[in-house]
Amino acid sequence: MSHWPLEFRAFFAYYNAICNKATGQLSRVDKEFIIVVTSWPTGAHTSWLSIVPGTGSPQRTQCSLTRSVLTVACEQTEVLLFDPISSKHIKTLSEAHEDCVNNIRFLDNRLFATCSDDTTIALWDLRKLNTKVCTLHGHTSWVKNIEYDTNTRLLVTSGFDGNVIIWDTNRCTEDGCPHKKFFHTRFLMRMRLTPDCSKMLISTSSGYLLILHDLDLTKSLEVGSYPILRARRTTSSSDLTTSGSSGPRVSGSPCHHSDSNSSSEKHMSRASQREGVSPRNSLEVLTPEVPGERDRGNCITSLQLHPKGWATLLRCSSNTDDQEWTCVYEFQEGAPVRPVSPRCSLRLTHYIEEANVGRGYIKELCFSPDGRMISSPHGYGIRLLGFDKQCSELIDCLPKEASPLRVIRSLYSHNDVVLTTKFSPTHCQIASGCLSGRVSLYQPKF
């Protein structure tokens, strides 16, 4: 089997061909796509899937040096490891944490981190899974996100305590890693770093999206120590000519500054204003536009980034939780930063309304490794979405006005609400996990 992404393009050429055939043998999608469905005891709810390349082989397993490891974070303190190619169960970390495991992040080919509702982060080594490398203490509430800067080897975590904490893995010992609080905001939901680690994006339950530009993780940002780049609503293409009329929402603002304009003028140097360059760690506060929700609040539950850093992918729900959307926002770079001209770095380009199934549960979506596709939980299955029917690159099909995402294929194999989905970065596979603890792997037949 050849590697990504050439094989994946052949994959879609193949299933587009079988979709057009009106034969009895090829009419059922499930027969062509599901190669294995692995069930786990009820109660081990999958809340996150991470498929990552692995060159190290865990002890006493059948995982080869060239294959990937599928890791599954479970609600009941467990982490499961699978070989996604053979679908064999590798190992269960039965007491990885003392509460629900929320996220898994590989730092390199052998070291990975897990975070939990028990307020801790644990570091693990694939070569010795019987014990943790170390446990990191610093958060005071549920830890939901883990990011990693490969250049500086800094681990970045965020939790429902509103804190973003930096951990120095260069000086890691059995007792933990040196750490410091980098940033704090109210209503924090998700945190992501762009692929080049030049920006940090934070989504909130109050509908705001925070962007820290020209990121410097070595500094701690206390309240009042960072410039504000004029909060405002993001624009679609149709709004560009009238964008000056829309302002920020005031109620529920995640920022603690009483006067963002004076703060911006105070902390931005005259040189940066004159040259139109953002100072380090400058904060932009946006209210992303959601179709049909211009005058209603919304909660940003899931946040992902395009693998090439071109766009951000959001799953938004209305305040009444009766509607959900998947939205793509293009990064608009080079916008001058002036106190009299609010910055707006994101533009809504594509969207689609999602099935309102499983209210109250967060559905994690993702980009494909080449950025051409989106896999999104949809009821008891997943939908593969594209920017057009040909699965073109985003930059090749940017619309003048926000346009609907195209449904390329729908895959249904679960008997409960799907909460998470992930593409393999190395093979032509997609994984999904549902509320009842079932993990499904999808792969085409050639």
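For the structure itself, look to the data block above.
The text that follows walks through the structure, step by step, so that each part is easy to find. (Residues numbered from 1 in each chain as written. Predicted model: local features only at pLDDT ≥ 70, side-chain atom pairs only at ≥ 80, totals over all residues. Heavy atoms only, no water.)

## Quick word on the overall build of the protein chain
Next, step 1: Helices and strands together make up the secondary structure of the protein chain, namely four helices and 31 strands.
Next, step 2: Out of the 446 residues in the protein chain, the part that is buried amounts to 58%.
Next, step 3: Of the contacts formed within the protein chain by residues at least 6 apart in sequence, a portion of 58% connects residues at least 24 apart.
Next, step 4: Put simply, the protein chain shows about 18000 Å² of open surface, and 48% of that area lies on carbon and sulfur atoms. (Helix = DSSP H or I, 4+ residues; strand = E, 2+ residues; numbered from the N terminus. Buried < 20%, exposed > 50% of the residue type's maximum accessible area, 1.4 Å probe, protein only. Contact = heavy atoms within 4.5 Å. Areas by Shrake-Rupley, 256 points an atom, 1.4 Å probe, with all protein chains shown as cover.)

## Digging into the packing of aromatic side chains
Next, step 1: Taken as a whole and assessed by the stated rule, the structure comprises three aromatic pairs.
Next, step 2: Ring geometry for Trp142 against Phe160: centres 6.0 Å apart, planes inclined by 35°, an arrangement best described as tilted. In this pair, Trp142 is assigned in the loop between β9 (134-137) and β10 (143-149) and Phe160 in the loop between β11 (154-159) and β12 (163-168), connecting sequence segments 18 residues apart.
Next, step 3: Directly above the aromatic system of Phe160 lies the positively charged group of Lys144, at a separation of 5.2 Å from the ring centroid.
Next, step 4: One cation-aromatic arrangement involves Lys199 over Phe331; the distance from NZ or CZ to the ring centre is 5.5 Å. (Phe/Tyr/Trp six-rings, centres within 6.5 Å; stacked < 30°, edge-to-face > 60°. Lys NZ or Arg CZ within 6 Å of the ring centre and 35° of its normal.)

## A few points about the sheet that holds strand β28 (residues 406-412)
Next, step 1: Spatially, four strands are ordered β24-β25-β26-β28 in an open sheet, and the strand pairing comes out antiparallel. Two strands in the sheet have a free side with no partner beyond their single neighbour: β24 (366-367) and β28.
Next, step 2: Across six bridges, strand β25 (residues 373-378) lies against strand β26 (residues 381-386) in antiparallel orientation. Paired with Ser375 across the bridge in β26 is Leu384. (Pairing = 2+ DSSP bridges.)

## Thoughts on the nonpolar core
Next, step 1: Core analysis: the biggest nonpolar cluster contains 20 residues, and Val164, Phe182, Phe183 and Met200 have the highest contact counts within it.
Next, step 2: Core analysis: the next-biggest nonpolar cluster, separate from the first, contains 17 residues, Leu303, Leu314, Trp325 and Leu348 among them. (Core = buried A, V, L, I, M, F, W, Y, C linked by side-chain atoms within 4.5 Å.)

## With respect to the environment of Ser317
Next, step 1: Residue position: Ser317 is located in strand β21 (residues 311-318).
Next, step 2: For Ser317 and Glu353, which are 36 residues apart along the polypeptide, the C-alpha to C-alpha distance reads 9.8 Å.
Next, step 3: Contact partners of Ser317, with chain neighbours within four places excluded, come to Asn298, Cys299, Thr301, Gln323, Glu324 and Trp325.

## Thoughts on the side chain of Ser392
Next, step 1: Relative to the helices and strands, Ser392 is located in the loop between β26 and β27 (403-404).
Next, step 2: Overall, the relative accessible area of 18% leaves Ser392 in the buried class.
Next, step 3: Of note is the side chain of Ser392, whose polar atom sits 2.7 Å from the side chain of Asp388.
Next, step 4: Sequence-distant contacts of Ser392, defined by excluding residues within four places in its chain, comprise Arg372, Phe387 and Cys397. (Polar contact = N/O pair within 3.5 Å; in protein donor to acceptor, adjacent residues only side chain to side chain.)

## Things to note about the pairing of β21
Each regular strand shows side chains that alternate between the opposite faces of the sheet.
Next, step 1: In terms of residue burial, β21 counts as a mostly covered element, since eight of its eight residues are buried.
Next, step 2: Of the strand pairs in this sheet, strand β20 (residues 298-305) and β21 are connected by seven bridges, and their pairing is antiparallel. Among the inter-strand pairings, Cys299 is bridged to a residue of β21, identified as Ser317.
Next, step 3: Here β20 folds back onto β21 in antiparallel fashion, the turn holding five residues, of which Gly309 has a positive phi close to 75°.
Next, step 4: Relative to strand β22 (residues 324-331), β21 is paired through seven bridges, and the arrangement is antiparallel.

## As for the sheet that holds strand β13 (residues 179-184)
Next, step 1: Within the open sheet, the four strands sit side by side as β10-β11-β12-β13. Their pairing is antiparallel. The two strands at the open ends of the sheet, each matched to only one other strand, are β10 and β13. Averaged over all adjacent pairs, the angle separating strand axes in this sheet is 25°, with direction ignored.
Next, step 2: Pairing between β12 and β13: five bridges, direction antiparallel. When the bridges of β13 are listed, Trp167 appears paired with His179. (Axes fitted to C-alpha atoms, helices over the stretch in contact; angles between N-to-C directions.)

## Observations concerning the pairing of strand β6 (residues 101-106)
Next, step 1: Of all six residues making up β6, five are buried, and the element is well covered by its neighbours.
Next, step 2: Relative to strand β7 (residues 111-116), β6 runs antiparallel, the two sharing five bridges. Residue pairing across strands places Asn103 opposite Cys115, the latter belonging to β7.
Next, step 3: In this structure, the hairpin formed by β6 and β7 is closed by a connection of four residues.

## A few points about the pattern of salt bridges
Next, step 1: This model, assessed by the stated rule, comprises 15 salt bridges.
Next, step 2: Measuring nitrogen to oxygen at the nearest pair gives 3.7 Å for the salt bridge that ties Asp370 to Arg372.
Next, step 3: Overall, Asp370 belongs to the buried group, its relative accessible area being 7%.
Next, step 4: For Arg372, a relative accessible area of 18% corresponds to the buried category.
Next, step 5: Through salt bridges with shared partners, one network takes in Arg315, Glu324, Glu354, Lys363 and Arg383. (Salt bridge = Lys/Arg side-chain N within 4 Å of Asp/Glu carboxyl O.)

## Brief notes about the state of the cysteines
Simply put, the disulfide is a covalent bond whose two ends are the sulfur atoms of two cysteines.
Next, step 1: Taken as a whole and assessed by the stated rule, the structure comprises zero disulfides.
Next, step 2: A disulfide-free cysteine, Cys299 has its sulfur positioned 8.3 Å from the sulfur of Cys316, the nearest such atom.
Next, step 3: Cys327 supplies the cysteine sulfur nearest to Cys316, a cysteine that is in no disulfide, at a spacing of 4.8 Å. (Disulfide = S-S within 2.5 Å.)

## Observations concerning a negative patch on the surface
Next, step 1: A cluster of acidic residues, Glu75, Glu95, Glu98 and Asp99, forms a negative patch at the surface.
Next, step 2: Relative to the assigned elements, Glu98 resides in the loop between β5 (88-93) and β6.
Next, step 3: Glu98 sits in the exposed class, given a relative accessible area of 76%. (Patch = residues over 30% accessible without salt bridge, like charges linked within 9 Å, V, L, I, M, F, W, Y side chains within 5 Å. Lys, Arg positive; Asp, Glu negative; His and termini not counted. Charge placed at Lys NZ, Arg CZ, Asp CG, Glu CD.)

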